[in-house]
Amino acid sequence: MLRDIVERFPHPTAGSSYSVTVSIPNEEPPAEGFPVLYILDGNAYGLMCKELLKLQWQRTEKTHIAPMIIVSIGYATEELHPSLRVFDFTPTPSAASLPERPDGTEWPAYGGAKEFLQFLEATVQPLVRRHASVDQENQILFGHSLGGLFVLYALFERPDMFSDYLSCSPSIWWNDQEILTYEQKDCLDSTKRLFLAAEQQEKGKMYESAFALYTRLKEHHPDSVTFTSPAGENHMSIVPTIFSEAIRFFYRGTEEAN
């Protein structure tokens, strides 16, 4: 059902590499090209997202989710959440104010979000276009936790790079909520959508911060942003719980536009 293309690229930190997997449906693309889903933390979520989508493609008439290209952006390591992600997903601070890590260790290198966004634009997106017919108007970026923080960074800094932004349990708390200094009320429009989700179990006030952001953006773009907080989920279990709902939200918006 899918053919995989795997490429490795050097990471800005010495001796490390990205591992990017582009999974392309084995069928003729639609006239406009395939939609594309970009998955951050590919080591942890790439396979899960792929299998969830493949199941729903079997009954497109009921799920309304059609085949898409899946781009898993991870690292050349067996770790699910390697410390490299901290560098990639966090903005460059003028000054850092970070809480103590739960395990008592020091924070790894951080502040590489600008470079990582450039990597996505200059390397990953052209890689996908070289291997498949792509719908430029249907590009989804998904991230969880620090990855969700980066999704917001990309939305605020480069809203033109993707059409849809899926931010799950974003770490808005990072560096005294530094990400909110990037917030722009005009980052969304009728062609840009944001799906926000956060668990109500408190972790750095993720729920409160995400819901407050949703409320502000909804004032200006009531049809372009949505928020969900499924009952009983924790910081990790929320990911598979909201994933399919989010993809349906994006597809529903596409169908209504057409």
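This is a predicted model, so every value here is computed, not measured.

Basis of the calculations
Residues numbered from 1 in each chain as written. Predicted model: local features only at pLDDT ≥ 70, side-chain atom pairs only at ≥ 80, totals over all residues. Heavy atoms only, no water. Helix = DSSP H or I, 4+ residues; strand = E, 2+ residues; numbered from the N terminus. Expected span 1.5 Å × (residues − 1). Buried < 20%, exposed > 50% of the residue type's maximum accessible area, 1.4 Å probe, protein only. Arc of directions from axis to C-beta. Contact = heavy atoms within 4.5 Å. Pairing = 2+ DSSP bridges. Axes fitted to C-alpha atoms, helices over the stretch in contact; angles between N-to-C directions. Phe/Tyr/Trp six-rings, centres within 6.5 Å; stacked < 30°, edge-to-face > 60°. Core = buried A, V, L, I, M, F, W, Y, C linked by side-chain atoms within 4.5 Å. pLDDT = per-residue confidence, 0-100. Parallel < 35°, antiparallel > 145°, perpendicular 65-115°, else oblique. Nonpolar A, V, L, I, M, F, W, Y, C, P; charged D, E, K, R; others polar. Salt bridge = Lys/Arg side-chain N within 4 Å of Asp/Glu carboxyl O.

Caption draft 1: Helix α4 (residues 113–131), seen in detail. A rise of 1.5 Å per residue sets the reference length of α4, with its 19 residues, at 27 Å; its end C-alpha atoms lie 26 Å apart and thus fit the reference within 8%. Along α4, the residues classified as buried are A113, F116, L117, F119, L120, V124, Q125, P126, L127 and V128.

Caption draft 2: Representation of helix α7 (residues 206–220) within the structure. Its 15 residues give α7 an end-to-end C-alpha distance of 22 Å, which sits within 8% of 21 Å, the value for a rise of 1.5 Å per residue. Regarding α7, the residues found buried are M206, S209, A210, L213, Y214 and L217. Along the axis of α7, the buried residues cluster in a sector spanning 135 degrees; they form a single face. Looking at the buried side of α7, the elements it contacts are α5 (146–157), α6 (174–177), β7 (193–197) and β8 (225–228).

Caption draft 3: Representation of the sheet that holds strand β1 (residues 2–10) in the model. The strand order β1-β2-β4-β3-β5-β6-β7-β8 describes an open sheet built from eight strands, whose pairing is mixed. The sheet terminates laterally at β1 and β8, the two strands that pair on one side only. Neighbour-to-neighbour, the strand axes of the sheet open up by a mean angle of 15 degrees, direction not taken into account. The pairing of strand β6 (residues 164–168) with β7 spans five bridges and is parallel. When the bridges of β7 are listed, D164 appears paired with R193. Contacts between helix α1 (residues 42–57) and the sheet are confined to β1, β2 (17–25), β3 (34–40), β4 (69–75) and β5 (134–144), with β4 contributing the most and set at about 165 degrees to the helix. Across the sheet, α7 lies against β7 and β8, angled at about 155 degrees from β8, the strand it touches most.

Caption draft 4: Representation of the packing of aromatic side chains within the structure. Summed over all chains, the structure comprises 25 aromatic pairs. The interplanar angle of 35 degrees and the centroid separation of 5.7 Å between the aromatic rings of Y18 and Y75 together place this pair among those described as tilted. Of this pair, Y18 sits in strand β2 while Y75 is found in strand β4, placing the two residues 57 residues apart along the sequence. The class of Y18 is buried, set by a relative accessible area of 2%. On the basis of relative accessibility, which here comes to 5%, the residue Y75 falls in the buried class.

Caption draft 5: Fine view of the nonpolar core. Grouped together as the largest cluster of nonpolar side chains are 55 residues, with contacts concentrated most on V20, I69, V71, I73 and F150. By residue number, the principal contributor to this core is α5, which donates nine residues. Those residues in contact with V20 that sit more than four places away from it in its chain are I5, V6, E7, F9, V71, S72, I73, F119, V124 and L127. Listed in part, the 25 residues of the second largest apolar core include M68, F142, V239 and I247.

Caption draft 6: Quick peek at the confidence of the model for the protein chain. The predicted model of the protein chain averages 92 in pLDDT, with 96% of residues at 70 or higher. Every residue in residues 253–258 scores below 50 in pLDDT, and together they form four contacts with partners more than four places removed in sequence or on other chains.

Caption draft 7: Examining the pairing of β3 more closely. Among the seven residues that make up β3, seven are buried, leaving the element largely enclosed by the rest of the structure. Alternating positions in β3 separate into two faces, F34, V36, Y38 and L40 on one and P35, L37 and I39 on the other, with burial throughout. As paired elements, β3 and β5 share five bridges and run parallel to each other. When the bridges of β5 are listed, L37 appears paired with I140. Bridging between β3 and β4 involves five bridges; their strand directions are parallel. Note on β4: the bridge partner recorded for Y38 is V71.

Caption draft 8: Highlighting the packing of α4 against α5. As a packed pair, α4 and α5 sit with axes 11 Å apart at the nearest point and diverge in direction by 75 degrees. By the criterion of interaxial angle, the relationship of α4 to α5 is roughly perpendicular. Here A113, K114, F116, L117 and L120 of α4 come into contact with α5, specifically with F150, Y153, A154 and E157. Taken together, the residues of the contact of α4 with α5 sort by class into seven nonpolar, no polar and two charged.

Caption draft 9: Spatial organisation of the pattern of salt bridges. Within this structure, the stated rule accounts for eight salt bridges. Two residues, R85 and D41, come together in a salt bridge whose shortest N-O distance is 2.8 Å. Of this pair, R85 sits in helix α3 (residues 84–89) while D41 sits in the loop between β3 and α1, placing them 44 residues apart in sequence. Here R85 and D41 have matching classes, each one buried. Residue R158 pairs with D160 through a salt bridge whose shortest N-O separation is 3.0 Å.

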